[in-house]
Amino acid sequence: MKQRFPVLILGALFLGCLQSHAWAPATHAYLAERFTGLHNNDIIYGSMLPDFSSLIPDNPTACAKLNQLTHFEFDRLAPSDFATGFSTHNGTWGADYYAHLCYTPDPDPIYSVLKIQQISDEFGLSTSNAEGIFEMTIDYLVRLSVGPELGTRIKNSVEAANEANTQALVDAFAQPLADRAGMTLAQAEEAIRNAMIMFKTMTEAYGTQWEQDVAYLQSLIPPMLATFLGVDEETAETYFLRATEICSDFQTEMDRIVGIVSVHYPQPEGQEEGLPSEGSPEEGEEEGEVETDPWDINFCAQFQGIVDNPLLDMAGPEFQVFIEMLHPNNADINGSVSVDTTYGNDIQILGNGILDAMNEFGLIARILKDPNFNNGVLTSESLRTAWEANLLQLKTDFGPLATNVLNVLAPQLFMVFNAYLMLGDGDYTIVSKPTEENPDLPFIASGNGSFGLIAGMVALLADKVTDYVPGGIANPELDKTQYVDFPELLPDGDADGDGFSNAIEYAYFTPVICNTEEIKSDPSISYVVAALNPYIIPLSGEGLDEGEAEGQAEGVNEGSEEGPAEGTTEGMTEGEGQNEGEEEGLPEEGQPEGVIEGGEEGLPSEGFQEEGENEGFEEGLLEGLSEGVTEGSSEGQEEGVLEGEGEGEGEGEGETASHTADQNADYLISLSELLRVIQFFNSGGFHCQSGTEDGYAPGPGDQSCTLYDSDYNPTDWEISLSELLRVIQFFNSGGYHPCEGSEDGFCPGPA
């Protein structure tokens, strides 16, 4: 049996399996608080929990048997606050008794029987459908009466879904469920635990929705009722509005039920009925609540929320392949995707080389969070505007009903999908998919890039959502032109305009990992910080030591002005070669200034990073590149070649095999020579061409000339990331020398 997808939250969250379940969760929570006079997470959660019996997939017998156990043998639970809340729900004398009588022959004319019958008669509906409308309406009216804090208390009550209470359920119901449903004890225990996990997720989402304003709730109920009843939204809205009129006197019935049932739950001493007890978990919580920043997005949590969400198991094995790859510390899935269900679920997803959650998305999160961010390439204002526009377009493409379903069951999907759409590269092609005329056709599609990934996943998900949401996804074939993208955030983009692609900076600096960091070239600089700050580039040298403590603001001035001036003047007159370039950048010059000034002068402009973070490193890069590279590399390399005093010539004497990237054969890789290799890397290949500075040119072409030394792993006339990093290593090592047995025939450092 295909289980009904539990999408009708609000008043019908737990309709499914075999039958409706009388009062909806908010009503049960409200009545339990009034029965006991307590606001207590165990009581609130316990009062809703008996309906978790509907969440055993594809086993209607187990659903029915567990439903009997939870509603009529509730006293199997060992005494506790949790068991007290659980008991308030029961169908013998508790809350459910006053809603289920409509199904008994010749029922007593109590409130629920009369109202359900009136709704059924007015609209010609079955008793079951009329009860669904009644149930949703009462839940809505209770929410209006209590206010959004009822949603907050329900959301917070999931703290009671702990191991102790789960084990109590297993101890009470696993063995009788196994005996009555023809299951093993292990199977029954697993069914109870899995249903408990699903119930927790749904209850938290349900409480979150009840926190929203009334206008939002009113817009949400008609499409959900339409799904439940199989009618159009206009008809469903008519039913709902009329039901609110019919049930406008609901409070009288609530008070009557409380008066009868409360005798089983004596009020706490000195406690007025229905009020929170002293010291209850909620007391003081709302006073001290801090508003969350909607722009402070933790993508680690978003990815983990998808992976941990048991409700997404219902989306089918095809979509599960995608979900399994979203573990936040491993997810890199926006390279290419192919899907072919011809002979099973053949789904292949590859990455683009940069981890997604905290690196590619980390750039987005950092910019969105800081309202003043502006690094000259990207601004917070532009990304925030695009984020909201893309999210609205994505929800428009899903349609109101599918959007509401996912907002409740897996809200993280929209956040993650939207982040990939902000990157926006690539596309996808559908070769084959099931149709109404031929539902057995396989789904075959392929795509590449971030847009291609999401467009393909939405198309695949559309086929599954149709099973549960009438009409499915409104526009399952996303139109790339309807979304705003930022090529600057892609691996070959340059998010800070410093001349180094994001892929190069990712390879050099430290990737950000959820809850930890993987050490690469320099543990003090993270990829996210470096990729968004034009003053941090993947080069080190003399200036790195000089600026380690010096303030950035001063370093910008010194590094951009002092270095070239000294390097030009001194290099032409003194002829001291490489040694001067090394000595001028030593800590003696930089540290005293930095200790006094660096801590206060801060960053060159707001929006790059937290004040003071990696200041010295950034200044060192600036000063070092100006003084060290200009004075040391330019001075020493050029004078040494000409005059014989430089380090390059001394090391090169007697050597015959220089690196092809080393255009002047001085056994040093200069900045301009390094940039030439980076040009080949960014061009996707290179070829032979006489008359150029080095005998090669970017792009495809003639390959008959001497092999390029950086193209060795493999030799394919393209510079890979690892091959580029090898040249960067030589640049940072102050030289290189030929050596046998290494990966490329050279080793870093002077001979």
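Residues numbered from 1 in each chain as written. Predicted model: local features only at pLDDT ≥ 70, side-chain atom pairs only at ≥ 80, totals over all residues. Heavy atoms only, no water.

Caption draft 1: Fine view of the overall build of the chain. Looking only at helices and strands, one finds 29 helices and 10 strands in the chain. A burial count over the chain gives 56% of its 751 residues as buried. About 30,300 Å² of surface is accessible on the chain, with carbon and sulfur atoms providing 49% of the total. (Helix = DSSP H or I, 4+ residues; strand = E, 2+ residues; numbered from the N terminus. Buried < 20%, exposed > 50% of the residue type's maximum accessible area, 1.4 Å probe, protein only. Areas by Shrake-Rupley, 256 points an atom, 1.4 Å probe, with all protein chains shown as cover.)

Caption draft 2: Representation of the nonpolar core. Membership of the largest hydrophobic core comes to 85 residues, with the highest contact counts inside it found for Trp23, Tyr45 and Leu169. When residues of this core are assigned to their parent elements, the largest contribution, 10 residues, is made by helix α9 (residues 185–210). With residues near it in sequence (within four places) discarded, Tyr45 still touches Phe82, Ser157, Val158, Ala160, Ala161, Met196, Phe199, Lys200 and Thr203. One finds Ile354, Met457, Tyr483 and Ala531 within the second-largest nonpolar core, a separate group that totals 73 residues. (Core = buried A, V, L, I, M, F, W, Y, C linked by side-chain atoms within 4.5 Å. Contact = heavy atoms within 4.5 Å.)

Caption draft 3: Geometry of the state of the cysteines. Counted according to the given criterion, the structure contains 3 disulfides. Each disulfide pairs two cysteine sulfurs, and for Cys300 the partner residue is Cys514, the sulfurs being separated by 1.7 Å. Across the disulfide from Cys300 to Cys514, rotation about the S-S bond amounts to roughly -95°, and the bridge is consequently left-handed. Of the two residues, Cys300 sits in helix α13 (residues 299–307) while Cys514 sits in the loop between β5 (512–513) and β6 (516–517), which places them 214 residues apart along the sequence. Each member of the pair, Cys300 as well as Cys514, is classed as buried. Covalent S-S linkage joins Cys688 and Cys705, the inter-sulfur distance amounting to 1.9 Å. (Disulfide = S-S within 2.5 Å.)

Caption draft 4: Quick peek at the environment of Ala243. Relative to the assigned elements, Ala243 resides in helix α11 (residues 233–246). The exposure class assigned to Ala243 is buried, which follows from its relative accessible area of 1%. The residues touching Ala243, leaving out its near neighbours within four places in the chain, are Ile119, Ile133 and Thr137.

Caption draft 5: Broad picture of the packing of helix α3 (residues 60–72) against helix α8 (residues 163–181). Packing of α3 against α8 leaves a shortest axis separation of 9 Å and a crossing angle of 135°. By the angle between their axes, α3 is oblique relative to α8. The hand of the α3/α8 crossing is right-handed. Mapping the contact onto sequence places Thr61, Ala62, Lys65, Leu66, Leu69 and Thr70 in α3 and Phe173, Pro176, Leu177, Arg180 and Ala181 in α8. Classifying every residue of the contact of α3 with α8 by side-chain character gives 7 nonpolar, 2 polar and 2 charged. (Axes fitted to C-alpha atoms, helices over the stretch in contact; angles between N-to-C directions. Parallel < 35°, antiparallel > 145°, perpendicular 65-115°, else oblique. Left-handed = near helix turned anticlockwise from the far one by under 90°. Nonpolar A, V, L, I, M, F, W, Y, C, P; charged D, E, K, R; others polar.)

Caption draft 6: Quick look at the side chain of Gln302. With respect to the element layout, Gln302 can be found in helix α13. Leave out the neighbours within four places in its chain, and Gln302 touches Ile297, Gln412, Met415 and Val416.

Caption draft 7: Structural detail: a negative patch on the surface. On the surface, Asp232, Glu233, Glu234 and Glu237 cluster together into a patch of negative charge. Among the secondary structure elements, Glu233 is positioned in helix α11. Residue Glu233 is classed as partly exposed on the basis of its relative accessible area, which comes to 40%. (Patch = residues over 30% accessible without salt bridge, like charges linked within 9 Å, V, L, I, M, F, W, Y side chains within 5 Å. Salt bridge = Lys/Arg side-chain N within 4 Å of Asp/Glu carboxyl O. Lys, Arg positive; Asp, Glu negative; His and termini not counted. Charge placed at Lys NZ, Arg CZ, Asp CG, Glu CD.)

Caption draft 8: How the structure looks around helix α16 (residues 380–398). Its 19 residues place the ends of α16 27 Å apart at the C-alpha level, agreeing with the 27 Å of an ideal helix rising 1.5 Å per residue. Among all positions of α16, only Ser380, Leu383, Arg384, Ala386, Trp387, Asn390, Leu391, Gln393, Leu394, Asp397 and Phe398 are buried. Just beyond α16, the residue with positive phi is Gly399, at close to 90°. (Expected span 1.5 Å × (residues − 1).)

Caption draft 9: Focus on the sheet that holds strand β2 (residues 346–350). Reading across from one edge, β2-β1-β4-β3 is the order of the 4 strands in this open sheet, with antiparallel pairing throughout. Two strands lie at the open edges of the sheet, namely β2 and β3 (427–432), each paired on one side alone. Each adjacent strand pair in this sheet contributes to an overall mean axis angle of 5°, direction not counted. Bridge count for strand β1 (residues 336–340) against β2 is 5 bridges, and the pairing is antiparallel. Paired with Asp340 across the bridge in β2 is Asp346. (Pairing = 2+ DSSP bridges.)

Caption draft 10: Quick peek at the pattern of salt bridges. Tallied over the full model, the rule gives 17 salt bridges. Glu245 is the salt-bridge partner of Arg242, the closest N and O atoms lying 3.0 Å from each other. In this pair, Arg242 and Glu245 both sit in helix α11, 3 residues apart, roughly one turn of the helix. What you see here is one network of salt bridges that share partners, running through Glu73, Arg76 and Arg180.

Caption draft 11: Local environment of unusual backbone geometry. Residues Asn713 and Pro714 are joined by a peptide bond in cis, for which omega reads -5°. Backbone geometry at Ala665 places phi at a positive 50°, although glycine is not the residue there. With respect to the secondary-structure elements, Ala665 resides in the loop between α27 (647–652) and α28 (671–682). Located in the positive-phi region is Tyr667, a residue other than glycine, with phi close to 60°.

Caption draft 12: Geometry of the pairing of strand β4 (residues 444–448). Burial along β4 is one-sided: Ala445 and Gly447 are buried, while Ile444, Ser446 and Asn448, pointing the other way, are not. The sheet contact formed by β1 and β4 spans 5 bridges and is antiparallel. Within the sheet, the bridge partner assigned to Val339 lies in β4 and is Ala445. In this sheet, β4 lies alongside β3 in antiparallel orientation, the contact comprising 5 bridges. What sits directly across from Asp427, in β4, is Asn448.

Caption draft 13: Just the confidence of the model for the chain, in detail. Per-chain confidence: the chain averages 77 in pLDDT, with 74% of residues scoring 70 or above. Between residues 1–20, whose pLDDT stays under 50, and residues either more than four places distant or in other chains, the model counts 79 contacts. (pLDDT = per-residue confidence, 0-100.)

Caption draft 14: Geometry of helix α1 (residues 25–36). For α1, built from 12 residues, the straight-helix expectation of 16 Å at 1.5 Å per residue is met to within 8% by its first-to-last C-alpha distance of 17 Å. Across the 12 residues that make up α1, a large majority, 12, are buried. When we look at burial in α1, the residues that qualify are Pro25, Ala26, Thr27, His28, Ala29, Tyr30, Leu31, Ala32, Glu33, Arg34, Phe35 and Thr36. Packing partners of the buried residues in α1 comprise α2 (41–48), α4 (81–87), α6 (127–146), α7 (149–156), α9 and α12 (250–261). Looking at the residues trailing α1, positive phi occurs at Gly37, about 70°.

Caption draft 15: Broad picture of the packing of α6 against α7. Between α6 and α7, the least distance of the axes is 7 Å, while the angle of their chain directions is 110°. On the basis of their axis angle, the class for α6 and α7 is roughly perpendicular. Along its contact with α6, which presents Val142, Arg143 and Val146, the element α7 presents Glu149, Leu150 and Arg153.

Caption draft 16: Structural context of the environment of Leu478. Assignment of secondary structure puts Leu478 in the loop between α19 (449–465) and α20 (502–508). Expressed as a C-alpha distance, the spacing of Leu478 and Gly456, which sit 22 residues apart in the sequence, is 8.8 Å. When residues no more than four places from it in sequence are discounted, the contact partners of Leu478 are Leu394, Asp397, Tyr428, Phe451, Ile454, Ala455, Val458 and Tyr483.

Caption draft 17: Seen up close, the packing of aromatic side chains. Counted according to the given criterion, the structure contains 29 aromatic pairs. Judged by centre distance (5.6 Å) and plane angle (80°), the ring pair of Phe680 and Tyr708 falls under edge-to-face. With Phe680 in helix α28 and Tyr708 in the loop between β8 (696–698) and α29 (721–732), this pair connects stretches of sequence that are 28 residues apart. Each member of the pair, Phe680 as well as Tyr708, is classed as buried. Clustering of aromatic rings is evident, with ring pairs tying together Phe299, Phe303, Phe361, Trp387 and Tyr420. (Phe/Tyr/Trp six-rings, centres within 6.5 Å; stacked < 30°, edge-to-face > 60°.)

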